[in-house]
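Residue-level structural notes
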Amino acid sequence: MTFYYVKIFHIISFVSWMAMLFYLPRLFVYHAEHIENKGFVEVVKTQEQKLFNFVGYPALIATLISGAWLLLLEPSFLKGQGWMHAKILLVVLLVAYHFSLYRYMVAFRENRCFKSGKFFRFYNEVPTLVLILIVILVILKPF
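Residues numbered from 1 in each chain as written. Predicted model: local features only at pLDDT ≥ 70, side-chain atom pairs only at ≥ 80, totals over all residues. Heavy atoms only, no water.

Points about helix α5 (residues 126-140)
Using the following cut-off: Under the scheme used here, helices are H or I runs from DSSP no shorter than 4 residues and strands are E runs no shorter than 2 residues, and both carry numbers assigned from the N terminus. Multiply 1.5 Å by the residue count of a helix minus one, and that product is the helix's expected span. Accessible area is worked out with a 1.4 Å probe on protein chains only. A residue is then buried under 20% of its type maximum, exposed over 50%, and partly exposed in between. By arc we mean the arc of the directions from the helix axis to the C-beta atoms, nothing more. We call two residues in contact whenever any of their non-hydrogen atoms come within 4.5 Å of each other.
With 15 residues, α5 ought to run about 21 Å at 1.5 Å a step, and its terminal C-alpha atoms sit 21 Å apart, in line with that. Every buried residue belonging to α5 is among P127, V130, I134 and L137, and all of these are buried. Down the axis of α5, the buried set is contained in an arc of 90 degrees. They therefore lie on one face. Opposite the buried face of α5, at more than 90 degrees from it, the exposed residues are L129, I139 and L140. In this structure, the buried side of α5 is in contact with α1 (2-33), α3 (82-109) and α4 (117-123). Once α5 ends, the next one or two residues include K141, with phi positive near 40 degrees.

Structure follows, in structure tokens:
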């Protein structure tokens with residue numbers, strides 16, 4: 001029964017983390033496109049910081065801990081199951097993406113990010129593509 005409770009927690013944590021990964025780049029779009037509006041930019045900076053620190057980072061930690069716990073509870077997932085290794089690789093990519101968002105957030109906070117709104121609209125699609133691949137791997141377990 002423990003496995004199922006940890007799995008529930010893992011899914012909720014992952015959904016929360018993905019919410020931040022989807023929304024923070026959208027805030028960057030608004031930030032980049034309204035950079036000349038100082039009042040607006042200050043509000044967006046606050047939103048970015050709170051979203052990252054109070055949603056994204058805790059959800060990342062909870063996702064990684066619960067995922068590792070699931071693997072401890074069911075180590076057979078790692079034996080001859082390439083789908084789990086592929087999923088772990090995709091999660092590593094999402095963690096790298098997460099910290100790239102942090103770097104952009106700091107650059108915006110220090111007024112040294114000059115990427116366009118168009119760039120962040122494109123960059124915002126990365127977690128969607130990774131999520132699609134993770135869902136396919138988990139549901140189909142193709143290899």
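Digging into the packing of aromatic side chains
Basically, it comes down to this: Planes of paired rings set the category: under 30 degrees apart is stacked, over 60 is edge-to-face and the rest tilted, where pairs are Phe, Tyr or Trp rings (Trp by its six-membered ring) whose centres lie within 6.5 Å. By the criterion adopted, a ring carries a charge over it if an Arg CZ or a Lys NZ lies within 6 Å of its centre and within 35 degrees of its normal.
All told, the structure shown has 14 aromatic pairs when counted by the stated rule. On the basis of an interplanar angle of 85 degrees and a centroid distance of 5.7 Å, the ring pair of F3 and Y4 is categorised as edge-to-face. We classify F3 as buried; its relative accessible area is 19%. Accessibility expressed as a relative area gives 52% for Y4, which makes it exposed. Cluster of aromatic residues (ring-pair linked, three or more members): F28, Y97, Y104, F108, F119, F120 and Y123. Against the face of F119 rests K115, its NZ or CZ located 4.8 Å from the ring centre. Positioned above the aromatic ring of W83 is the side chain of K141, whose terminal nitrogen or guanidinium carbon lies 4.9 Å from the ring centre.

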